Structures are given as structure tokens and as C-alpha cells.
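# A look at the structure
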Amino acid sequence: MNTKNKVKKSLPYSIAISLLNLVISLFGMVYLVRYLDEVDFGMMGLFLGLPFLLNIGVAMGFDMYITRFLPSVKDDQEVARKFWRIFFVRMALISVISVGLIFVFPWFGPLFKMENHQVHFNFYQISLLATFGEIYTRVLMNARFMQKQLLIMRVVYQTIRLAIIFWGVSHQSDFLFFIIGFAGMDVLNLVIGVIIISAKIGVPKFSYIFQSYTETKDEKEYRQISYINQIGTSFLGTDIDRYIIGYFSTPTQVAIYVLATQILGKLGNFFPEKMLKPLSTPAFFAEYDNSKESAAKLNRMFQFIFNTNNIIGFMFLACFIPVGKDLIMYVFHKPYTEEAFWPLIIFMIFMVLYSIPIGMVTQAIKKPQILLISKVSIIFNMGLGIPLAKFYGAAGMASATAASFLIKNLIIYVLVRKHVDVQIPWNSVIRSLINSGLTIGLITVALPYIHTHILVDAGLTVILYFTIMKFNPILTEEQKNTFFSLMPKKIAPVAHFIF
């Protein structure tokens, strides 16, 4: 089966995963925000960032190695040997770190105003270990086009998580109940992932851990540079931002920032780059490696993802600027949640600029050193983020982080163009700006005269945006044909009508 057929076969599952994450997890997040006070919600945000921060420290680039090199390995036994060795060695390392965190908590906990949550933190270590392991099972399943199995996992995971939240809220449980309940759910999720992978590529063998690990020179260089790049990326991510805000500001500001970034994450599931990343990343690599016109095809794929990203990004911006604040208050109720509007808008403004799929291009041409060079933007993020977080809390940190991501992507884009001719379709960017601007202007003028429900206002905004786009299209004819060719037959008529 060629790459395009693999993508087309897996596309419905990838879309379903994104929609499932948005709908079910959004319900769960809404109930949690409404039920927990801002301090507990902020603490949960700090806890949830730990597995991904610690993975940066102990991954040694092996998660990137799985994504880049295991998709092309034909022998399942070889995949099993490499994956299980990576998995168990990483799990052993994180287990030692987890125990160490419990012992040093009395020292670092007060730095982030967590001193009253040591019991919660101790129980969270179960989730830490399970979530860490799930990172690797998910990466492997995506790399091997196992989206159907991943969908099953997400259905089970999100359903149980939502049930725990409903039970806890209805029985007025304390914060510790949710920590323990989520820990059990995370363990189950990891176990399901291990079982599915074992059935697909083979069960793990104890001998794998002690077998010598062989890498080609290119693989080792790619992994090591990717690892250094990941360390830099962690200083540009929102997980470490939470700890910066926690140290220099208040738990309430942490809660505001966590809420804004979680809303952004839910909306981000609709971005084609995010929705299709499990498919587009290995497809990107496979098509580039196997194509005789690799540079031209790379540019076409880059522009296709860039334009489809902009359609969604500008749509969210057009919707949230006029009605976003009222929409947030309607959904979450609590007064402090309204303050998440400005960090969210700041991220959205920069999102349409920095959501360039340039990272995949860099990985495809096997130039991870470019990603490493781009991390000079860390200086900007930390140098500006600390004072802004101290004086302006969540909104200040959002400004620094969003701007730093933009600088990082611009650096990558300039350096990538020295190796391959990828071009930003500026004509489509201008069209997107016009469509979004017209929508914002018309809705802002009309709102005082239309007295409808806030959800109706949001729906009308989206309809207006796509109506304007019909007359001022973003996608080229070639890109439309590519988009339609990937759509399942049942969805294709709707896609033709919209675009």
C-alpha cells in the first residue's frame, strides 16, 4: 500500500481522534474548571506538565528516532527489538527520577506555592509514570499508521476520564479524588497501549534490554541533535511557562494560563497540521525519501498544510475577537476564567503566523541542526517572559512565548531555504487576513442589533467566515483537488460544498 492510500485509510481515524479529544475532553475540562477552585486547578496544571518536561530530560532523542526512522522498517521483529528496548530503559530512568522528586518536594514545592499539595503530588507520580510510558506507545502507534487502534485507546481513555469527573463532581469529592482517579485511568491507558502494540509487533522480551543497540552514523547524529533541540524546545513550551508563572506570580495566574493554553489545545485539534500530524509526519518523510522530484513535492506539501492551517487559524481568530470573552464566561462561569481571554487572543494572533509546518520540512531533509540553531529564541523567551510574567501574569507570559515561537519559525524558515526551495504562499496569507478582517468587522457591527444566544453568535460568525471564503478562496485548485482526494466518500460532498 502506497503512502497516499495509507493516509486515506487512516484519515477518518485521525479526524475522529481529534474530534473525540475536542468534544469529550472539553466537557471534562469545563466540569473541572467549574468545580475546582483556581488554586487546585492551577496545581493540576503544574502536575500535568511534568511528564512532558521530564521526557525532554531523559528521552535522549529516542522518541524523535521512533518517529523518523521506524516508519520505514519493514520487519516487525526489528521494530519490536528497537522499540521495547527504548521503552523499558526510558521507563527505568523516569522511575528513579519520580522517586527522587518525592524526596525533594519539601525543597522545591514551596518555590511554586505547592507546599499544601504534597500528598497530591505523591499520588500523581503514578500518573507521571503511566503518562510517560504512553508518550512512547503513542509515538510508535502513529509511526506505524495504527490510528484505528489509537482511536480505541482514546475512546476508552476519555470516556473513563469523563466518568471520573462526573462522579467526583456529583459526589462533591475533594481534589485528591481526581488525582487518584486519573492515576488509575492513566495506568489502564498505558496497559491497553502495551497490549495493542504487543499484538501488532510482538511481545516485549527481557533480552531486548541487554542487546547491543546499533545505529547508523546518520541516525545517531539525527537523534542526538534532535535531543539537544528538544531541550531547547522545552524552554519555549507552555509546560515550563506554568512553573515560571508559579514562581514569579500567583496560583490564580497559573490557573488562567493553564485554562488559556488548554482551550488553545482543544481548538488546536482542528488544525490540519495537528489533526493529521500522526499521518502527515510519516507521510511527509516517506514521500520525500521516495520521490524523484522530492524538493518540488516537499514545497507542495508544505504549502498545502500551511494554507489549510490558515483557514482554521483565521477562523478561530475571527470568531474569538468579537465573541470570545462572553463565550468563555458562558462555558466556565467562574469570574477568573474571563481573564483567560487575553492570553488566548495573544496566542491566536501569533498562531496564524507561527503555525508554519516548517519543522516537518527540516526533519524531512534531515537537518535537525537547523532546529538547534533556532533555539536562540530561548534567550528572548526567558529574558522577556520572566519580567512579563512577574508584572503581567498569564498575559505577559503568553506574549513572550508566542513571540518567541514566531522568531524560532522565522529562523528555521530562512535556514531551510538554503537547502530546499520552500515558499510561504503570501497571496493566501493576504486572502486569509481579508476574510478574517471582514468577518470581525461585520460581526462587531451587527452584534448590538442581534440579540441572540452567545452560541448562536459564534455559529453565525463561523458561517459568515466560510461564506466570505467562498468568494475569496484560500486553497488553490490543485490544493482543493488534493484535499478532496483524501476525503472519504461520505464526507467528500460536504467538503466540496464548503470549499
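What follows deals with the overall build of the protein. Each helix and strand in the protein was counted, giving 21 helices and zero strands. By the burial criterion, 57% of the 499 residues in the protein qualify as buried. Counting contacts in the protein only where the partners sit at least 6 residues apart, residues at least 24 apart contribute 82% of the total. For the protein, the accessible area works out to roughly 21,700 Å², and carbon and sulfur atoms hold 68% of it.

Attention now goes to a nonpolar patch on the surface. Taken together, Val119, Phe123, Ile126, Ile180, Val187, Val191 and Ile195 make up a surface patch of nonpolar side chains, about 560 Å² in accessible area. Of all the elements in the fold, those that place two or more residues in the nonpolar patch are α5 (118-143) and α7 (175-201). Take the nonpolar patch: its biggest share by element is four residues, from α7. Residue position: Ile180 is located in helix α7.

Moving on, we come to the environment of Ala130. Relative to the assigned elements, Ala130 resides in helix α5. Residue Ala130 is classed as buried on the basis of its relative accessible area, which comes to 3%. The spatial distance from the C-alpha of Ala130 to the C-alpha of Val187 is 5.2 Å, given a sequence separation of 57 residues.

What describes a pair of aromatic rings is the distance from one ring centre to the other and the angle between the planes of the rings. For the structure shown, the criterion picks out 22 aromatic pairs. Here the aromatic rings of Tyr31 and Phe166 are separated by 4.7 Å at their centres, their planes lie at 85°, and the arrangement is edge-to-face. On the criterion of sequence distance, the pair formed by Tyr31 in helix α1 (residues 3-35) and Phe166 in helix α6 (residues 147-170) is long-range, its members being 135 residues apart. Here Tyr247 and Phe248 contribute two aromatic rings whose centre-to-centre distance is 4.8 Å and whose plane-to-plane angle is 75°, an arrangement assigned as edge-to-face.

For the pair helix α4 (residues 76-108) and α5, the least separation of the axes is 10 Å and the interaxial angle reads 160°. It follows that α4 is roughly antiparallel to α5 by the angle criterion. The interaxial crossing formed by α4 with α5 has right-handed handedness. Of the residues in the contact of α4 with α5, the class split is 17 nonpolar, seven polar and one charged.

This part takes up unusual backbone geometry. Positive phi is not limited to glycine here, since Lys113 has a value of about 60°. Tracing the chain through its elements places Lys113 in the loop between α4 and α5. Although it is not a glycine, His333 adopts a positive phi angle of roughly 75°. Of the residues examined, His333 reaches a relative accessible area of 46% and is grouped as partly exposed.

Attention now moves to the nonpolar core. The biggest cluster of nonpolar side chains holds 106 residues, and the ones touching the most others in it are Phe83 and Met348. With residues near it in sequence (within four places) discarded, Met348 still touches Leu264, Leu267, Phe316, Leu317 and Phe320. Core analysis: the second largest hydrophobic core is formed by 16 residues, Phe306, Val361, Leu415 and Val429 among them.

A separate point is the side chain of Ser127. Locating Ser127 in the fold gives a position in helix α5. In this view, Ser127 contacts Ile179, Phe182, Ala183 and Asp186; residues no more than four positions away in its chain are not counted.

Before going further, it helps to spend a moment on α7. Helix length check: α7 (27 residues) gives 39 Å between terminal C-alpha atoms against 39 Å at 1.5 Å per residue, within 8%. Of the residues one or two after α7, Gly202 is the one with positive phi, at around 120°.

For Leu344, the position within the fold is in helix α14 (residues 341-354). The spatial distance from the C-alpha of Leu344 to the C-alpha of Ser399 is 10.0 Å, given a sequence separation of 55 residues.

This part takes up helix α17 (residues 377-416). Between its first and last C-alpha, α17 extends only 16 Å over 40 residues, short of the 58 Å set by a 1.5 Å rise per residue. Tyr392 marks the point of greatest bend in α17, at about 150°.

What follows covers the environment of Leu475. Within the element layout of this structure, Leu475 appears in the loop between α19 (454-471) and α20 (477-486). For Leu475, a relative accessible area of 6% translates into the label buried. With 172 residues separating them in the primary sequence, Leu475 and Gln303 have C-alpha atoms 9.4 Å apart.

Criteria and thresholds
- Residues numbered from 1 in each chain as written.
- Predicted model: local features only at pLDDT ≥ 70, side-chain atom pairs only at ≥ 80, totals over all residues.
- Heavy atoms only, no water.
- Helix = DSSP H or I, 4+ residues; strand = E, 2+ residues; numbered from the N terminus.
- Buried < 20%, exposed > 50% of the residue type's maximum accessible area, 1.4 Å probe, protein only.
- Contact = heavy atoms within 4.5 Å.
- Areas by Shrake-Rupley, 256 points an atom, 1.4 Å probe, with all protein chains shown as cover.
- Patch = residues over 30% accessible without salt bridge, like charges linked within 9 Å, V, L, I, M, F, W, Y side chains within 5 Å.
- Salt bridge = Lys/Arg side-chain N within 4 Å of Asp/Glu carboxyl O.
- Phe/Tyr/Trp six-rings, centres within 6.5 Å; stacked < 30°, edge-to-face > 60°.
- Axes fitted to C-alpha atoms, helices over the stretch in contact; angles between N-to-C directions.
- Parallel < 35°, antiparallel > 145°, perpendicular 65-115°, else oblique.
- Left-handed = near helix turned anticlockwise from the far one by under 90°.
- Nonpolar A, V, L, I, M, F, W, Y, C, P; charged D, E, K, R; others polar.
- Core = buried A, V, L, I, M, F, W, Y, C linked by side-chain atoms within 4.5 Å.
- Expected span 1.5 Å × (residues − 1).
- Bend = angle between axes of the 7 residues up to and from the residue.

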